[in-house]
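Structure assessment
Each chain, written out:
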Amino acid sequence: MSSTGFLGGAKDRLLPVSVPFRFFLGAVLFHLAAWAVLFGAADWLAGHVGGPGPILAAIHLATLGVFAMTAIGASYQLLPVATRRPLARDWPTKVSFWLLAPGICILTWGMYAAEIAAMQTGAVLVCAGLVVFAVLTADNLRRAGSVALVASHGWGALAALIAFAVPGLLLVWDFGAGFLDDHSGLAAVHMVLAAYGFMGLLALGFSLVLVPMFALSRSLPQRPGQTQLVLAGLALTGFGLGWLTGIPALTWAALVAGAGAIGAYLWLMRTAMARRMRKRLGLSFVLIRASWALLAFSLILGAAVVTGLPIPNAPALFGFVLLAGWLLTFLTGILQRIMPFLASMHAAGASGLPASPSSLTAEMPLKIHAFCHFGALAVCSAGIVLDQTLLVRLGAGLGVLGALAFAGFALNVLWQLKAIRAGA
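So, how was this worked out
Residues numbered from 1 in each chain as written. Predicted model: local features only at pLDDT ≥ 70, side-chain atom pairs only at ≥ 80, totals over all residues. Heavy atoms only, no water. Phe/Tyr/Trp six-rings, centres within 6.5 Å; stacked < 30°, edge-to-face > 60°. Helix = DSSP H or I, 4+ residues; strand = E, 2+ residues; numbered from the N terminus. Buried < 20%, exposed > 50% of the residue type's maximum accessible area, 1.4 Å probe, protein only. Lys NZ or Arg CZ within 6 Å of the ring centre and 35° of its normal. Patch = residues over 30% accessible without salt bridge, like charges linked within 9 Å, V, L, I, M, F, W, Y side chains within 5 Å. Areas by Shrake-Rupley, 256 points an atom, 1.4 Å probe, with all protein chains shown as cover. Salt bridge = Lys/Arg side-chain N within 4 Å of Asp/Glu carboxyl O. Axes fitted to C-alpha atoms, helices over the stretch in contact; angles between N-to-C directions. Parallel < 35°, antiparallel > 145°, perpendicular 65-115°, else oblique. Left-handed = near helix turned anticlockwise from the far one by under 90°. Nonpolar A, V, L, I, M, F, W, Y, C, P; charged D, E, K, R; others polar. pLDDT = per-residue confidence, 0-100. Contact = heavy atoms within 4.5 Å. Polar contact = N/O pair within 3.5 Å; in protein donor to acceptor, adjacent residues only side chain to side chain.

**Some words on the packing of aromatic side chains**
For the coordinates displayed, the defined rule picks out 13 aromatic pairs. Ring centres 6.0 Å apart and planes at 85° place the aromatic pair Phe214 and Phe341 in the edge-to-face group. Residue Phe214 is found in helix α7 (residues 183-215), and its partner Phe341 is found in helix α11 (residues 314-351); the two are separated by 127 residues along the sequence. Phe341 carries the same exposure label as Phe214, and that label is buried. An aromatic cluster is built from Phe23, Tyr76, Phe97, Trp98, Phe133, Phe164 and Phe198, whose rings are joined through pairwise contacts. Note that Arg22 overlies the ring of Phe97, its terminal NZ or CZ placed 5.7 Å from the centroid.

Quick look at the structure:
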């Protein structure tokens, strides 16, 4: 789909500005909280292999608080634009937020303090919010006739959502009852299905339209996108079956299929960059391009964990690169584009005059964020490998500063939009 086709009639399907932005601002606040908790728990990161505590809380502040909130807010607004089918109702989106936001707070507090009742309560609220999101999204996707490839990625993401949410509930209840034979193995499957499955398929699907749109590139070929989706599905299925059956060959087949899916995705992104008409893509694409490299690196580290290569603290390094490296880098890069883009469309609707996304963007906070974010990734990774708490804490401190700067950027977008609407 071309960027023109994606945008055609988009204003007619805009949700109230409060719908996507409540999720985005929630993600911005959880972003800050995740780095802050990691800063306080720096001495536990390198050796973390699971179990309740601050590291598990920081992980879920990132995965649910930042990644899921961003993905849900973006899906609510961008899927109706891409599918040319408006959401049937607006109010359930708000219900999902008011289930998710408190649920994430309660769940992560329970993980931090090892309070079983709080974990269980938070997990139920989070799952209820995810169910509302899944129902709304499924209803929209079933009416998406013109964007079958994006819709197929959406269906795959919803399947992965169910596949990671159910084990998530089991893992939470197992902390109190201890009925699982392989808690750590199921936790690994849960993380892979959440990161590579739910978030990964949404990222791969939205990239097919967002990257060409922001780069002013021609539409991407369909066949490599279909190949990407099939290989990703085989990889996720193979990994789950490998854990269930204990057959190592299935896990290796999953790694090979995952490498193929990433290869197809990177080829598509390279094609979009080669065909682009906008030559200067700005700081956001520095993060987005870096995330592509970190995605490939995360799979290499995952293979290293499976083979037992003697990399110090390999499981913790893999998790950090996967979550803070690939996904957080990608999503903060995309948010830098999505938030001003949506705000400009709402501003134009309010005033009748076009407002460019660049006029709503404060560059200095984004420069500070990029510097601190990449510094945090490098320093924390070194701290994990060297098992040096001071380095991890220094890196997390940089992450906190970057998250504060990013919050300044997000609040400025809303302030500018409010000023334009007030003037109109």
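**Quick notes on a nonpolar patch on the surface**
On the surface, Val124, Ile162, Val166, Leu170, Trp173 and Phe179 cluster together into a nonpolar patch covering about 540 Å² of accessible area. When residues of the nonpolar patch are assigned to their parent elements, the largest contribution, four residues, is made by helix α6 (residues 148-177). The topology assignment puts Trp173 in helix α6. Residue class for Trp173 comes out partly exposed when judged on its relative accessible area of 34%.

**Overview of the pattern of salt bridges**
With the rule as written, the count across this model stands at one salt bridge. Measuring nitrogen to oxygen at the nearest pair gives 2.9 Å for the salt bridge that ties Arg142 to Asp139. Exposure remark for Arg142: the relative accessible area of 60% places this residue in the exposed category.

**A word on the packing of helix α4 (residues 91-113) against helix α5 (residues 116-141)**
The contact between α4 and α5 brings their axes to 7 Å, and the two run at 155°. Between α4 and α5, the angle falls in the class roughly antiparallel. Both α4 and α5 take part in a crossing whose hand is left-handed. Split into classes, the residues belonging to the contact of α4 with α5 amount to 18 nonpolar, seven polar and no charged.

**A closer look at the confidence of the model for the protein**
Residue-level pLDDT values for the protein average 90, and 93% of them are 70 or greater. In the model of the protein, helix α1 (residues 3-7) stands out as the element of lowest mean pLDDT, 45, in contrast to helix α12 (residues 363-386), which has the highest, 97. When the criterion is pLDDT under 50, residues 1-9 qualifies, and its contacts beyond four places in sequence or with other chains add up to 19 contacts.

**A word on the side chain of Ser298**
Relative to the helices and strands, Ser298 resides in helix α10 (residues 283-307). Using a relative accessible area of 0% as the deciding quantity, one classes Ser298 as buried. Looking at Ser298, its side chain comes within polar contact range of the side chain of Tyr196, at 2.8 Å. Those residues in contact with Ser298 that lie beyond four places of it in its chain are Tyr196, Phe318, Val321 and Leu322.

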